[in-house]
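Coordinate analysis (summary)
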Amino acid sequence: MTTLQTRPCPVSAVGAETIRISGQVQGVGFRPMVWKLATQFGLKGDVCNTANGVDIRLWGRDIDAFLEALPEALSPLAKIDNLSRAPLDGMPPEDFQINPTVGGDMQVAITPDAASCAECNAESIDAFQRRYRYPFTNCTNCGPRFSIINSAPYDRAKTSMRAFEMCTDCRLEYENPSDRRMHAQPIACHVCGPKAWIEKLGEGVVNCEAFSMMDDVDAVGGMLMMGHIVAIKGIGGVHLACDATKPESVERLRAQKGRKDKAFALMAKNVDVIRHYCDVSEAEEALLTSIEAPIVLLKAKPNSLPDVVAPGLGYLGFMLPYTPLHHLMFRRMKRPIIMTSGNRSGAPQCLTNDAVRSSLSDIADFACLHDRDIVNRVDDSVANIVDGKVRLLRRARGYAPRAIALPDGFTGDLNVLALGGDYKNTFCMIKEHEAILSQHLGDLEYPSTRDEADRNLKLYQKLFEHTPKAIAVDAHPGFASTQLGQAIAGDGNLPLVPVQHHHAHLASCMAENNWPLNGDRVLGVALDGTGWGPDGTVWGGEFLACDYRSYERLGKFKPVSLPGGEQAVRQPWRNAYAHISAEMGWPEFTMNFADLDIFQYLNDAPRETLDAMILNQTHSPLASSCGRLFDAAAAVSGVLRETQTYEGQAAMLFEAALNHEALKEPDTLNYPFSIPLSKDSDTPYVEPLGMWRAMLGDMTVGTDIGVISARFHKGLAAVIVRMVEKLSGPTHEFQTIALSGGCFQNKVLFELVHTALKAKGYNVLSHKKVPANDGGLSLGQAVIAAASFQDEAEKGETLCA
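Here's what I pulled together on the structure shown here. Here the residue index of a chain counts from 1 through its sequence in written order. Note on the predicted model: pLDDT of at least 70 is required for a residue's local features to be given, and 80 or more for side-chain atom pairs to be given and counted; whole-chain, interface and lining totals, by contrast, use all residues. Values reported for side chains reflect all heavy atoms of the structure, with hydrogen atoms and water molecules removed beforehand.

1. Regarding the overall build of the protein
Within the protein one finds 24 helices and 29 strands. Values of the radius of gyration come from C-alpha atoms, whereas the globule rule sets the reference at 2.2 Å times the count of residues to the power 0.38. Relative to the compact-globule value of 28 Å for 801 residues, the protein shows a C-alpha radius of gyration of 28 Å, a close match. Overall, the protein is about 95 × 70 × 50 Å in size when its C-alpha atoms are taken along their principal axes. For the exposure calls, accessible area comes from a 1.4 Å probe over protein chains only, and a residue counts as buried if that area is under 20% of its type's maximum, exposed if over 50%, partly exposed in between. Counting only residues that meet the buried cut, the protein has 60% of its 801 residues in that class. In this description, contact between two residues means that some pair of their heavy atoms is separated by no more than 4.5 Å. Considering only contacts in the protein between residues 6 or more positions apart, those separated by 24 or more positions represent 72%. Accessible area for the protein stands at about 30,700 Å²; split by element, carbon and sulfur atoms hold 51% of it. A residue counts as positive if it is Lys or Arg and as negative if it is Asp or Glu; His and the chain ends are not included. Note on charges: their place is set at NZ of Lys, CZ of Arg, CG of Asp or CD of Glu. If the 77 positive side-chain charges of the protein are averaged to one point and the 95 negative ones to another, these points end up 3 Å apart. Strands here mean DSSP runs of E at least two residues long; helices mean DSSP runs of H or I at least four residues long; both are numbered from the N terminus. All accessible areas in this document rest on Shrake-Rupley with a 1.4 Å probe, and a residue is counted as covered only by the protein chains that are shown.

2. So, the side chain of Arg-395
Position of Arg-395 relative to the elements: it lies in the loop between strand 15 (389-394) and strand 16 (404-405). An unpaired buried charge is present at Arg-395: no salt bridge exists, and Glu-512, the closest side chain of opposite charge, is 8.2 Å distant. Of note is the side chain of Arg-395, whose polar atom sits 3.2 Å from the backbone oxygen of Leu-437. If sequence neighbours within four positions are ignored, Arg-395 has contacts with Ser-381, Ala-400, Arg-402, Ile-404, Leu-437, Ser-438, Gln-439, His-440, Lys-769 and Pro-771. Here, a salt bridge means any Lys or Arg side-chain nitrogen found within 4 Å of an Asp or Glu carboxyl oxygen. By the criterion applied in these results, polar contacts are pairs of N or O atoms within 3.5 Å in which, for protein atoms, one can donate a hydrogen and the other can accept it, and in which residues neighboring in sequence qualify only through two side-chain atoms.

3. Observations concerning the environment of Leu-37
Inspection of the secondary structure puts Leu-37 in helix 1 (residues 30-40). The buried category is assigned to Leu-37, whose relative accessible area is 6%. Beyond its immediate stretch of four places on either side in the chain, Leu-37 contacts Phe-66, Ala-69, Leu-70 and Ala-73.

4. What to know about the nonpolar core
By size, the foremost hydrophobic cluster in this structure holds 66 residues, and its most contacted members are Phe-589, Met-695, Phe-712 and Leu-716. Per-element tally for this core: the top contributor is helix 22 (residues 705-728), with 10 residues. Apart from the residues within four sequence positions on either side, Leu-716 is in contact with Phe-557, Cys-626, Leu-629, Phe-630, Phe-673 and Leu-749. Take the buried Ala, Val, Leu, Ile, Met, Phe, Trp, Tyr and Cys residues and link them wherever side-chain atoms come within 4.5 Å; each set so joined is a nonpolar core. Counting residues in hydrophobic clusters, the runner-up holds 42 residues, among them Ala-231, Phe-318, Cys-350 and Ile-363.

5. Some thoughts on the packing of aromatic side chains
Aromatic pairing here means that ring centres of Phe, Tyr or Trp (its six-membered ring) are within 6.5 Å. Orientation follows from the plane angle: under 30 degrees is stacked, over 60 is edge-to-face, and everything else is tilted. What the rule picks out here adds up to 19 aromatic pairs. Look at Trp-586 and Phe-599: their rings are 5.4 Å apart centre to centre, the planes differ by 25°, and that puts the pair in the stacked class. Here Trp-586 is found in helix 16 (residues 586-593), whereas its partner Phe-599 is found in helix 17 (residues 597-603), with 13 residues between them in sequence. Of the two residues, Trp-586 and Phe-599, both sit in the buried class. Ring geometry for Phe-673 against Phe-712: centres 6.2 Å apart, planes inclined by 65°, an arrangement best described as edge-to-face.

6. Considerations on helix 2 (residues 63-73)
For helix 2, the full list of buried residues reads Ile-63, Phe-66, Leu-67, Leu-70 and Pro-71. The arc enclosing the buried residues of helix 2, seen along the axis, measures out at 140°, which places them on a common side. Looking at helix 2, the residues exposed on the side facing more than 90 degrees away from the buried face are Glu-68 and Glu-72. Where helix 2 is buried, its residues meet strand 1 (15-24), helix 1, strand 3 (53-60) and strand 4 (79-87). The directions from the helix axis to the C-beta atoms form the arc being described.

7. As for the pattern of salt bridges
Applying the stated criterion to the full structure yields 40 salt bridges. Two residues, Arg-20 and Asp-55, come together in a salt bridge whose shortest N-O distance is 3.3 Å. Taken together, the residues Arg-20 in strand 1 and Asp-55 in strand 3 connect sequence positions 35 residues apart. Classification of Asp-55 by relative accessible area gives buried; the value is 18%. For Glu-123, the salt bridge goes to Arg-181, with nearest N and O atoms at 3.2 Å. Of this pair, Glu-123 sits in helix 3 (residues 118-124) while Arg-181 sits in the loop between helix 4 (168-174) and strand 6 (196-200), and the two are 58 residues apart along the sequence. A single burial state applies to Glu-123 and to Arg-181, both of which are buried. Several salt bridges share partner residues, and in doing so they unite Glu-123, Arg-130, Arg-131, Glu-173, Arg-180 and Arg-181 into one network.

8. Considering the sheet that holds strand 5 (residues 96-98)
Pairing is mixed across the open sheet formed by five strands, whose spatial order is 4-1-3-2-5. Both outer strands of the open sheet, strand 4 and strand 5, are each paired with one neighbouring strand and no more. The average undirected angle you get between the axes of adjacent strands in this sheet is 15°. For two strands to be treated as a pair, DSSP must find no fewer than two bridges joining them. Looking at chain direction, strand 1 and strand 3 are connected through seven bridges and run antiparallel. The partner of Glu-17 across the bridge, within strand 3, is Leu-58. Angles shown run from 0 to 180 degrees and are taken between the N-to-C directions of axes, each axis being a line fitted to C-alpha atoms and, for helices, limited to the stretch in contact. Across the sheet, helix 1 is in contact with strand 1, strand 2 (44-50), strand 3, strand 4 and strand 5; its angle to strand 5 comes to roughly 175°. Seen against the sheet, helix 2 touches strand 1, strand 3 and strand 4 and runs at an angle of roughly 170° to strand 4.

9. Let's talk about the state of the cysteines
Cysteine sulfurs are considered disulfide-paired once they come within 2.5 Å of each other. Applying the stated criterion across every chain, the model contains zero disulfides. Take Cys-278: it sits in no disulfide, and the sulfur closest to it among the cysteines is that of Cys-242, at 16 Å.

10. A short note on the packing of helix 19 (residues 626-637) against helix 21 (residues 689-700)
Think of two packed helices as two axes; the pair is described by the angle between the axes and how far apart they sit. Relative to each other, helix 19 and helix 21 sit at 20°, their axes nearing to 11 Å. Considered as vectors, helix 19 and helix 21 are oriented roughly parallel to each other. Crossing of helix 19 over helix 21 shows right-handed handedness. Contact residues: helix 19 offers Leu-629, Ala-632, Ala-633, Val-636 and Ser-637, while helix 21 offers Met-691, Trp-692, Met-695, Leu-696 and Met-699. Orientation categories follow fixed angle ranges, with anything under 35 degrees roughly parallel, anything over 145 roughly antiparallel, 65 to 115 roughly perpendicular, and all other angles oblique. It is the rotation of the near helix from the far one that decides the hand of a crossing: anticlockwise by less than a right angle makes it left-handed, clockwise makes it right-handed.

11. Quick look at the pairing of strand 7 (residues 230-233)
Every second residue of strand 7 is oriented toward a common face, with Val-230 and Ile-232 on one face and Ala-231 and Lys-233 on the other, all of them buried. Between strand 7 and strand 8 (residues 238-243), which pair antiparallel and follow one another directly, the connecting turn spans four residues.

12. Describing unusual backbone geometry
Cis rather than trans, the peptide bond between Ala-400 and Pro-401 has omega equal to 5°. Tracing the sequence through the fold places Pro-401 in the loop between strand 15 and strand 16. Phi at His-433 is positive, roughly 65°, even though this residue is not glycine. Its place among the elements puts His-433 in the loop between strand 18 (428-431) and strand 19 (434-437).

Structure, rendered in structure tokens:
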């Protein structure tokens, strides 16, 4: 239920008022709902969309009753952020009317795409309905929104549905205030709307009757069950699909797509099918069946699907069908299917039919295409349930571009553009006290992704009529996102605000938790792989005292060389060698652990070259990185040594190997970390020497890898909590702790740290709406720049470029 905060209006019992509403109120059936409610209360007047939201003019006795009933009457997609009331002069119309849209400076929310509703799904399988087996059935409560919009306000003429003229029957529904399709901009049917069809990719022709006696969409199910790979054009892009129970089909898809090991996303007909393969809690079922319909990470049952689906991992990412096309495709299928992005690994997801034909013809056998253009590419969102809360790991379809309200204290004209980082890139625009965070765009190391990010940025600036007054970027000078920001700032003579990577992580966490601008400093724990440090080293295991305006580094993980730089990020064994050399040294390692296979593996490495690189700091920067510590642990324990084929692979496999029963062991068996002081700065740091001795000792006596992983995770969580206590002091100088960075997407580590801190009385801020990984960086950059911008404006100064 939405609670309305209204401004009182001094009117008589028989009054006239203008009601102005902002929020997610366009493209969600809001005006028809207002018409029904006003008619119910006998009110006269009108309602129209504006660039700011919706304006309602009311005449009558029961205006207060109307407003009291409004929250309960909202459609599933509607959300009211602000409501104001003002007296109104003039004569009322004869009844209540829905008026055309009024233009102006764009300040209205744009609605994310929504999974198809139960009513539309029922219609599409009912042979007595005119939309029987129509794959594009939708209404004001569901269907495409953001993915089809070109400009705002949201009207059919400003979407890709402008190419389809409504038939008489659809027009009658569209104009009938009592119909749930009143002003449903994507409204369509077999007669007038988009069409779907099957094509053979590559050489040859398709005979759909060999796969279905029904229609082309049903034939997709037949193709998948027969082992084919099919490219399927959906709402926000194209997917590549195959039968997930057929290892040979999945292996062929991996080979042809160029995705060696990274887990594939899955789609199943319903939750009952998913339960054959995964444990599904009540909260996870609610998330799967939500309007957002993200991919949900679920604990896999033993031997449930071929290991090639998610090699070495204990979780599977499932989603449910979220369009009528998907539901119709699954009518005869009881098996789950792979549903991965339609692209070669590293490239953006295909959007157009021509792109499918040119880019996917040597990957997929067939394509299910349609003629409704996708304006905005939107990947599937990814989420899980941790500590009973929904936590986004990738924010895209269903969530973007929903705005995030700025915390208390941010005021004034704060038009800021923040460009995020180079990995899991997003950008963020601040306008009118809101942060508009883009969907996940991908990794900018690929030129095609950079082009796609630039296209999306231009589109957002057009949609939201956003003109930045300051540009925020990551402090890393080599990032493509930083260089883009420098170019934008230079071209527009705008201030440029470089933001330290981990400060941005923590500010993002603070902002989504509505930590006020002038609130006390928090103690932030930012754990990830790598981020540019102002001292010339690589940061990644940081304890920062911070607010939005500044930060102070109070503690860190022990800085250890990255021999080979980027090569060390890809090859875990290099981190293992560097850690063992830095902590115990090669002589102790040789004397005590020469019988272990990790000794022989590292002894065969080019040690003299590595030692010289580390000594001379040649392509071997020091890194206080938690992510690289995980890589080293995975390599030493034998989980993954040679090469990671995707980001975080070693750490994810190490977590997946964990024996959860071993988490119940006495804490005395945790691997020990210490907290000495740095000789050069008296800064406390996390020293892993004791951990390495204990881990290698366990390996010597043949301890199971699941127990080793559990003891590592428990020991690491314990030292993080001890560091927080040490930095807080006996008086708990810091009452609030913020947790951010990609390492906190490790479910076990997060739960151990979060639970322990809460038990010790700390107020713990963590990510839910925004990813803890680099997908949330741009939000943090934006609020940090906005705080600086606001301070300068209040002083009557100009932010320095």
